[in-house]
Amino acid sequence: MDGKQRLRALLGQPGPILIAGAHDGMTAKLVEEAGFQGVWASGFEISASHCVPDANILTMADQLRAAAWMVASTDLPVVADCDNGYGNAINVIHMVKAYESEGIAAICMEDNVFPKRCSFYAGVKRELAPVEEHAGKVKAFLDTRKSDDFLVIARTEALIAGWGLEEALLRGRAYADAGADFVLVHSKSDDANQVLEFAKHWDRETPLVCVPTIYKSATATELHDGGYKMVIYANHGLRSGIKAQREAFSRIMRDQRCDTVDDLVVPLTDVYELIGVPQMKSDEAAYMPSDGARVGAIVLAAGASPDLGELTADKPKAMLDVKGKPVLGHQVEALNAAGIKDISVVVGWKKEAVDLPNLRTYSADGSSGEVASLMEAGAELNRRTLVLYGDLLFDQEIVERLMQTEGDVVLVVDRSNLEGRENRDLVQTAGGEVGSGQRFLHAQPHRHEPRRRQRRVDRHAHAVREGRGGAQGHVADDRLRRPRQAAAPGRVRRQGGHDRPAAGARRQGPDGQHHRHLQGVDGDRHL
């Protein structure tokens, strides 16, 4: 059932139809949340939301655009305030086609001349169109609409203009006889006596509509018992919003902090719920391919690094400055660019120095090892997760390739500075020696560009399987730069038979010993 059909169905139900004014999708949603049966796409509110008078300054397209957002934002029928039809009967024909196609349930046309003036503006020139002209607009509407469920409310401003009860009745009857689905009689009296008197003399079957903006003490039950089927609370959302926002902005300016308005604002989660964020998450999970939005990252940055001396005396390695930005800042930038927004950091040494925004932090004892640190953030391991050390600089391309690589475990290994080495580094995924029947991965050295201060290392990696058993793994192509001593995922078997965590590329120096190559904020270093 669409909005038109819902409004038609409400006509056959007992009691008044209560609708409230809105000017955009959010206010329409709030009208629905409050329990109203329909939304009034208020010309007054829409004009005010653009900070212009309600005087036909906005075009039909402006008003229709706002009403269409309301239709899209709520399941309630939307009744659109269409002023005086935006012109004569020819304009009405065009208007009917446009509004019906956007799913509007009903429109309201008043008998003010073009350009109209808001009913409550005092001291402005006010004229009414001839009765025959407005009745002709009603007929043009009926002859143009495609569905009989698309309704028209004919509104008379005779009481507003001071033309009296008899003129109001004459006009209302003429519009009902022309085929209007409702007749709205408007009044700026401070009590309901005028509209109730009108209803007493109403002798047509066409249901009546009222707008108790000024006669505000009248209840919906009183008005319904007096003869009105629809009651429109036309502009209270806008007016209450102005009051609340004025108070909030005033407090913030006075105190210059946000918590001063906590009693005036809703939590952000309320906004998320209203605008459909939970549904968006559900749709992403159902229809979108796995990408960065469904991948989290955990950065291990708890270590103290005493060997770096004063460089890390007051900060962890992850916060060392590289070209005006901490290493962790570069990491977050690369992860975000690859679509990974949910980033957790395990902190320890000088954790108070890790002050970048939008990061979830976990505390760990940096001396307890990488696995213990990772387990502190174990709650984040409920999906595809990228685990990295906090002292690595890397290109966004590496992250993108990681996400495109299938495998239970995918490793990136820095294999820079391998020239002159006769042996390969082995990254084992299931233990055991080479050739023992376990699967393993190895990174294969190849010729690369000469090292520079900010070195680009272009390399390839290959997955090799031997025998059976073990978990499937991969080494992804990478392009890494290390600012300081760090450890890459996995373990590397070095010559001499001793296992140690991978900590960057190692190369064999002229003394026959293996050295790790590090590139930091003060240039190249060999350890």
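Right above here is the structure, for reference.
Residues numbered from 1 in each chain as written. Predicted model: local features only at pLDDT ≥ 70, side-chain atom pairs only at ≥ 80, totals over all residues. Heavy atoms only, no water.

1. A few points about the overall build of the protein chain
Then step 1. Of regular secondary structure, the protein chain possesses 15 helices and 26 strands.
Then step 2. The buried share among the 527 residues of the protein chain stands at 46%.
Then step 3. Across the protein chain, contacts joining residues at least 24 apart in sequence account for 67% of those joining residues at least 6 apart.
Then step 4. Here the protein chain displays about 26000 Å² of accessible surface, and carbon together with sulfur accounts for 51% of that area. (Helix = DSSP H or I, 4+ residues; strand = E, 2+ residues; numbered from the N terminus. Buried < 20%, exposed > 50% of the residue type's maximum accessible area, 1.4 Å probe, protein only. Contact = heavy atoms within 4.5 Å. Areas by Shrake-Rupley, 256 points an atom, 1.4 Å probe, with all protein chains shown as cover.)

2. Quick word on the sheet that holds strand β5 (residues 151-156)
Then step 1. If you walk around this closed barrel you meet the 8 strands as β1-β2-β3-β4-β5-β6-β7-β8, and the pairing is parallel. Taken over all neighbouring pairs, the strand axes of this sheet differ in orientation by 25° on average, direction set aside.
Then step 2. The pairing of strand β7 (residues 208-210) with strand β8 (residues 228-233) spans 3 bridges and is parallel. Across the sheet, the residue bridging to cysteine 210 is valine 231, located in β8.
Then step 3. Each of β1 (17-22) and β2 (38-41) is contacted by helix α2 (residues 25-34), which is oriented at about 155° to β1, the strand it contacts most. (Pairing = 2+ DSSP bridges. Axes fitted to C-alpha atoms, helices over the stretch in contact; angles between N-to-C directions.)

3. As for the packing of helix α4 (residues 60-73) against helix α5 (residues 89-101)
The angle between the axes and the distance between the axes are what describe a pair of packed helices.
Then step 1. The interhelical angle for the contact between α4 and α5, taken along N-to-C directions, is 20°, at an axis separation of 11 Å. Classified by the interaxial angle, the pair formed by α4 and α5 is roughly parallel. Crossing angle aside, the handedness with which α4 passes α5 is right-handed. Between α4 and α5, the residues in contact are Met60, Gln63 and Leu64 and His94, Met95, Ala98 and Tyr99, respectively. (Parallel < 35°, antiparallel > 145°, perpendicular 65-115°, else oblique. Left-handed = near helix turned anticlockwise from the far one by under 90°.)

4. Side note on the sheet that holds strand β12 (residues 343-347)
Then step 1. The strand order across the open sheet formed by 4 strands is β13-β12-β9-β14, and the pairing between neighbours is parallel. Every interior strand has two partners, whereas the edge strands, β13 (360-363) and β14 (384-389), have only one. Strand-to-strand twist across the sheet, computed as the mean angle between neighbouring axes with direction ignored, equals 20°.
Then step 2. As defined by bridge partners, β12 adjoins β13 across 4 bridges and the pair is classed as parallel. Of the residues in β13, the one forming a bridge with valine 347 is serine 363.
Then step 3. Sheet strands in contact with helix α13 (residues 327-337) are β9 (295-301), β12 and β14, and its direction is about 155° off that of β12.

5. With respect to α4
Then step 1. Between the first and last C-alpha of α4 there are 20 Å, a value that for 14 residues agrees with the 20 Å anticipated at 1.5 Å per step.
Then step 2. Those residues of α4 lying buried are Met60, Gln63, Leu64, Ala66, Ala67, Ala68 and Met70. (Expected span 1.5 Å × (residues − 1).)

6. A word on the environment of histidine 224
Then step 1. Inspection of the secondary structure assignment puts histidine 224 in helix α9 (residues 220-225).
Then step 2. Sequence separation between histidine 224 and valine 209 is 15 residues, and the spatial gap between their C-alpha atoms is 9.5 Å.
Then step 3. If sequence neighbours within four positions are ignored, histidine 224 has contacts with Gly15, Pro16 and Lys229.

7. Examining the pairing of β9
Then step 1. For β9, a buried count of 7 out of 7 residues is recorded, marking the element as mostly surrounded by other parts of the structure.
Then step 2. Going residue by residue along β9, you find Val295, Ala297, Val299 and Ala301 tucked away on one face and Gly296, Ile298 and Leu300 tucked away on the opposite face as well.
Then step 3. Sheet analysis places β9 next to β14, joined by 6 bridges and oriented parallel. When the bridges of β14 are listed, isoleucine 298 appears paired with valine 387.
Then step 4. The sheet contact formed by β9 and β12 spans 5 bridges and is parallel. For leucine 300, the partnering residue across the bridge sits in β12 and is valine 346.

8. Examining the packing of α5 against helix α6 (residues 131-144)
Then step 1. Where α5 contacts α6, the two axes come as close as 9 Å, and the packing angle between them is 35°. For the pair α5 and α6, the sense of crossing is right-handed. The residues of α6 that touch α5, namely those facing Ala89, Val92, Ile93, Val96 and Lys97, are Gly136, Lys137, Ala140, Phe141 and Thr144.
Then step 2. Tallied by class, the residues present in the contact of α5 with α6 amount to 6 nonpolar, 2 polar and 2 charged. (Nonpolar A, V, L, I, M, F, W, Y, C, P; charged D, E, K, R; others polar.)

9. Let's talk about the pairing of β1
Then step 1. Burial runs high along β1: 5 of the 6 residues are buried.
Then step 2. With 4 bridges joining them, β1 and β8 adopt parallel strand pairing. Across the sheet, residue alanine 20 finds its bridge partner in β8, namely tyrosine 233.
Then step 3. Taken together, the 4 bridges between β1 and β2 define a ladder with parallel strand orientation. Across the sheet, the residue bridging to alanine 20 is valine 39, located in β2.
Then step 4. Handedness of the β1-α2-β2 crossover: right-handed. (Right-handed = clockwise from strand over helix to strand, strands pointing away.)

Read these as geometric descriptors, not functional statements.
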